[in-house]
Amino acid sequence: MKDIKLASGAGKKRTRIQVGRLQVGLDFIVIAGPCSVEDETQTVEVAHAVKAAGANMLRGGAFKPRSSPYAFQGLGLKGLKILAKAKEETGLPIVSEALDTRDVVWMCDYVDVLQIGARNMQNFPLLKEVGKTRKPVLLKRGMNSTLSEWLNCAEYILNEGNADVILCERGIRTFETYTRNTLDLSAVPAIKELSHLPIIVDPAHGTGRISLIASMSLAAVAAGADGLIVEVHSNPKTALSDRDQTLTPLQFSEIVRQVRSLRSFMEGLN
Ligand code: PEP
Ligand code: MN
């Protein structure tokens, strides 16, 4: 970890990142919304539902990194405009993924947090580009990356002058096939030992299974995560991407209730 000058060091003052009224790294953050922005009705409806359930930010992909070129690729600019509308109606800050260096600057007019997806964790030109902005960056762990490789990617962003990096553990590839990925919850306390950056957990992409999200969300809180990001849709069966890991608003609201209650219990232990 010797070359990781800026991202390393749990001894440094812990980074807190202002997004809207909350500070990531201090307040427990719940980010929720559809995997993909599909249309305005769907997105605004989900935004209201997740807000009512206690979410702090709205997620939604306008640019989708799909395994197949024939799968839904996202609505692009139209999707970002829809997210802006959902923010106008609910006040929820927007988190959305940037796939291409050419989109980063103009995307900043529509989003509050730029997401770098697992597949692009080591896209160094993209990391440098988001590093030049003044938007917080949600940096997902690559599915085949070590903690050191991940922190080096955070270093690329910090080195460009953007100090606001939020790490996100979203599962890694192992020999197991029952789950979509293997959610590495030990990454949470390990990152806390190695770095001053906040870290949240994505139990949806981490497991790929609705039935496992509640327990992995609670486990993430117990491990000391600074927040969660999950996928919610009014009618998951019709979702254009990731329907097997997408919660209904009702399932989501029950998880938020449990997670917040465990978090307050844990704060009482300190
Ligand atoms: C997503 O958040 O929808 C996504 C594509 O996540 P990941 O990059 O972790 O696969
Ligand atoms: Mn998804």
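Our structure is the block above this text.
Just so it is clear, the model here is predicted, and its values are computed rather than measured.

A. Seen up close, the overall build of the protein. For the protein, the count of helices and strands is nine helices and ten strands. Rg of the C-alpha trace for the protein: 17 Å, near the compact-globule value of 18 Å for 270 residues, within the 12% margin. If you line up the protein on its principal axes, its C-alpha atoms span 50 × 45 × 40 Å. Taken over 270 residues, the protein has a buried fraction of 53%. Contacts in the protein between residues at least 24 apart in sequence constitute 70% of all its contacts with a sequence separation of at least 6. Of the roughly 11,800 Å² of accessible surface on the protein, 53% is carried by carbon and sulfur atoms. If the 33 positive side-chain charges of the protein are averaged to one point and the 29 negative ones to another, these points end up 2 Å apart.

B. Fine view of the coordination of the manganese ion (ligand 2). Taken together, the protein donors to the manganese ion (ligand 2) comprise Cys35 (SG), His205 (NE2), Glu231 (OE) and Asp242 (OD), at separations of 2.0 to 2.4 Å. Counting residues between consecutive donors of the manganese ion (ligand 2) along the chain gives the motif C-x169-H-x25-E-x10-D. Taken together, the positions of Cys35 in the loop between β3 (29-33) and α1 (40-53) and Glu231 in strand β10 (residues 227-231) put the pair 196 residues apart, joining distant regions of the chain. The exposure classification of Cys35 matches that of Glu231, with both residues buried.

C. A look at the packing of α1 against helix α2 (residues 77-90). The interhelical angle for the contact between α1 and α2, taken along N-to-C directions, is 35 degrees, at an axis separation of 9 Å. The handedness of the crossing between α1 and α2 is right-handed. Within the contact between the two elements, α1 uses Glu40, Thr43, Val44, Ala47, His48 and Lys51 and α2 uses Ile82, Leu83, Lys85, Ala86, Glu89 and Thr90.

D. Summary view of the nonpolar core. Core analysis: the largest hydrophobic core is formed by 65 residues, its most contacted members being Val50, Leu139, Trp150, Leu167 and Phe252. Of all the elements, helix α5 (residues 147-159) adds the most residues to this core, at seven residues. Each residue touching Trp150, except ones within four places of it in the same chain, is listed here: Met121, Leu139, Lys140, Arg141, Leu167, Cys168, Glu169, Ala187, Ile191 and Ile199. Core analysis: the second largest hydrophobic core is formed by 13 residues, Val19, Ile31, Met57 and Cys168 among them.

E. Representation of the environment of Glu45 within the structure. Mapping Glu45 onto the fold places it in helix α1. Along the chain, Glu45 and Ser234 lie 189 residues apart, while their C-alpha atoms are 7.4 Å from each other.

F. Broad picture of the pattern of salt bridges. Per the stated rule, a full pass over the model turns up twelve salt bridges. The salt bridge involving Glu89 is made with Lys85; its shortest N-O contact spans 3.0 Å. Here Lys85 and Glu89 lie together in helix α2, a separation of four residues that amounts to about one turn. Between Asp226 and Lys192 there is a salt bridge, and its shortest N-O distance comes to 2.6 Å. Of this pair, Asp226 sits in the loop between α8 (210-222) and β10 while Lys192 sits in helix α6 (residues 187-194), and the two are 34 residues apart along the sequence.

G. Structural context of the pairing of strand β7 (residues 137-140). Side chains of β7 alternate between two faces, with Val137 and Leu139 and Leu138 and Lys140 buried alike. Across three bridges, the pairing between strand β6 (residues 113-116) and β7 is parallel. Note on β7: the bridge partner recorded for Gln115 is Leu138. With helix α4 (residues 124-131) bridging β6 and the parallel β7, this β-α-β connection has right-handed handedness. As paired strands, β7 and strand β8 (residues 165-169) are joined by four bridges and run parallel to one another.

H. Spotlight on unusual backbone geometry. One non-glycine residue, Asp242, lies in the positive phi region at around 55 degrees. Checked against the element boundaries, Asp242 lands in the loop between β10 and α9 (249-269).

I. View of the site of ligand 1. In the neighbourhood of ligand 1, 13 residues make up the surrounding shell, with Arg59, Ala118, Arg119, Lys140 and Arg170 lying closest. At a separation of 2.8 Å, an oxygen atom of ligand 1 approaches a polar side-chain atom of Arg119. Protein contacts shield 97% of the accessible area of ligand 1, which totals 300 Å² for the unbound molecule. A majority-of-atoms criterion places ligand 1 in the largest pocket. Here the shell around ligand 1 is composed, by residue class, of three nonpolar, three polar and seven charged.

J. Representation of α8 within the structure. Considered for burial, the residues of α8 that qualify are Ile213, Ser217, Ala220 and Val221. At the exit of α8 stands Gly224, carrying a positive phi of roughly 100 degrees.

How each quantity is defined
Residues numbered from 1 in each chain as written. Chains lettered and ligands numbered in written order. Predicted model: local features only at pLDDT ≥ 70, side-chain atom pairs only at ≥ 80, totals over all residues. Heavy atoms only, no water. Helix = DSSP H or I, 4+ residues; strand = E, 2+ residues; numbered from the N terminus. Rg over C-alpha atoms; globule rule 2.2 N^0.38 Å. Buried < 20%, exposed > 50% of the residue type's maximum accessible area, 1.4 Å probe, protein only. Contact = heavy atoms within 4.5 Å. Areas by Shrake-Rupley, 256 points an atom, 1.4 Å probe, with all protein chains shown as cover. Lys, Arg positive; Asp, Glu negative; His and termini not counted. Charge placed at Lys NZ, Arg CZ, Asp CG, Glu CD. Donors = N, O, S within 2.8 Å, 3.2 Å for Na, K, Ca; no water. Axes fitted to C-alpha atoms, helices over the stretch in contact; angles between N-to-C directions. Left-handed = near helix turned anticlockwise from the far one by under 90°. Core = buried A, V, L, I, M, F, W, Y, C linked by side-chain atoms within 4.5 Å. Salt bridge = Lys/Arg side-chain N within 4 Å of Asp/Glu carboxyl O. Pairing = 2+ DSSP bridges. Right-handed = clockwise from strand over helix to strand, strands pointing away. Near = heavy atom within 4 Å. Polar contact = N/O pair within 3.5 Å; in protein donor to acceptor, adjacent residues only side chain to side chain. 1 Å grid on protein atoms, 1.4 Å probe; cavity = no way out; pocket = protein on both sides within 12 Å on 5 of 7 lines; lining within 4 Å. Sits in = over half its atoms within 2 Å of the grid points. Nonpolar A, V, L, I, M, F, W, Y, C, P; charged D, E, K, R; others polar.

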